[in-house]
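# Fold and geometry: a report
What follows is the residue order along each chain.
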Amino acid sequence: MKEMEDKTQLIEDKNQLERSIDVLMLLNEAMKVTYSVDEGLYKIVDLTCRLMDTTQAALLLLDEEKELFIVRAPVGLEETHLKDREPLDVPLRLQNILLQLRSTHQINWINSGIEGLRFPIIAMPIYFKGNRIGHLITGGPKDPSQSKDPLRRKLLSLLGPFVSLIVENTKASELLEQHFALNAAELLNSAREGAGDNAQAAEKLLVTTVRNPGKVVRLLAESFYKQLVKAGFSEGHITTAASQLLECIVHPPVDEK
């Protein structure tokens, strides 16, 4: 009997070691390969599915002010309720549970209103520079006994910093896109009027900047406004930004040497 128990324990230890090595290899791969933002997010969510033995997972990014979550990289979940880049569409009870979570938690069965969503759900908060920015969530596992596997939970916690890094890169990418829009899209479109090609448009833009800086500022302002609205900022936020800009004009900040 003792020999059988020892053999069973050895098999279990071996399985846990193999899972640990598998996760470390996948994380190593994720660090080596260059992904786009979306590819990186889906890579992490796919790894979450494999690690937690489930076919359902997603990243939920928190909008603290609006008290809602934006769905990113959903895998194996109903599209009508969890669309990529759309607000999470779930009953208030589940929404409140997610809003209140500050540490990894198992959410047992509730009436979620999402057909096909398997419980228990594991929700792991993601932090960036000490601030909670969302959750990495998984649906119930294929094998219900695996949801309480402490090793899987510990390995899942290793994914948190990677998600945080990808989210940071996402923000940087969005800022770069806005920067490109500010300095290229609106201005070049205007400059293309009467220009034969992009090279001539760029030359015309340079001339316009010198001869009519007011027009360039107006186009930049219009483009900046559109980008802020597209990014989800309210009119109040934009008005505050405009007032701060005026303050900088009246009282220019002093560069620190």
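Residues numbered from 1 in each chain as written. Predicted model: local features only at pLDDT ≥ 70, side-chain atom pairs only at ≥ 80, totals over all residues. Heavy atoms only, no water.

## Considerations on the overall build of the protein
Formally: Starting at the N terminus, helices and strands are each numbered in turn, a helix being any DSSP run of H or I of at least four residues and a strand any DSSP run of E of at least two. Buried means the residue's accessible area, taken with a 1.4 Å probe over protein chains only, is under 20% of the maximum for its type, while exposed means over 50%, and partly exposed covers the values in between. Throughout, a contact is declared for two residues whenever any of their heavy atoms are within 4.5 Å. What sets the accessible areas is the Shrake-Rupley method with a 1.4 Å probe; for residues, cover comes only from the shown protein chains.
From N to C terminus, the protein includes 8 helices and 5 strands. Taken from the N to the C terminus, the helices and strands of the protein come in the order α-α-β-β-α-β-β-β-α-α-α-α-α. Per-residue burial over the protein gives 36% buried out of 257 residues. Taking as baseline every contact in the protein between residues at least 6 positions apart, the subset at least 24 positions apart corresponds to 52%. A total of about 16,400 Å² of accessible surface is found on the protein, and carbon and sulfur atoms cover 57% of it.

## Points about the sheet that holds strand β4 (residues 121-128)
As a reminder of what qualifies: Between any two strands, at least two bridges found by DSSP are needed for them to pair. Note on definitions: angles span 0 to 180 degrees between N-to-C directions of axes, and those axes are lines fitted to C-alpha atoms, for helices only across the stretch in contact.
The strand order β2-β1-β5-β4-β3 describes an open sheet built from 5 strands, whose pairing is antiparallel. The two strands at the open ends of the sheet, each matched to only one other strand, are β2 (68-75) and β3 (105-107). Looking at each pair of strands side by side, their axes are set apart by 30 degrees on average, direction ignored. Both β4 and strand β5 (residues 131-138) contribute to a ladder of 7 bridges, which runs antiparallel. Pairing of P125 across the sheet is with H135, part of β5. The strands touched by helix α2 (residues 37-51) are β1 (57-63), β2 and β5; relative to β2, the strand with the most contacts, the crossing angle is about 75 degrees. Contacting β1, β2, β3, β4 and β5, helix α3 (residues 92-100) runs over the sheet at an angle of about 95 degrees to β2.

## Remarks on a nonpolar patch on the surface
Quick note on the threshold: Nonpolar side chains (Val, Leu, Ile, Met, Phe, Trp, Tyr) within 5 Å and like charges within 9 Å form the patches, drawn only from residues with over 30% relative accessible area and no salt bridge. Just to be clear on terms, a salt bridge is a Lys or Arg side-chain nitrogen sitting within 4 Å of an Asp or Glu carboxyl oxygen.
On the surface, L245, L246, I249 and V250 cluster together into a nonpolar patch covering about 430 Å² of accessible area. Its location among the elements puts I249 in helix α8 (residues 235-250). By relative accessible area, I249 is classed as exposed at 58%.

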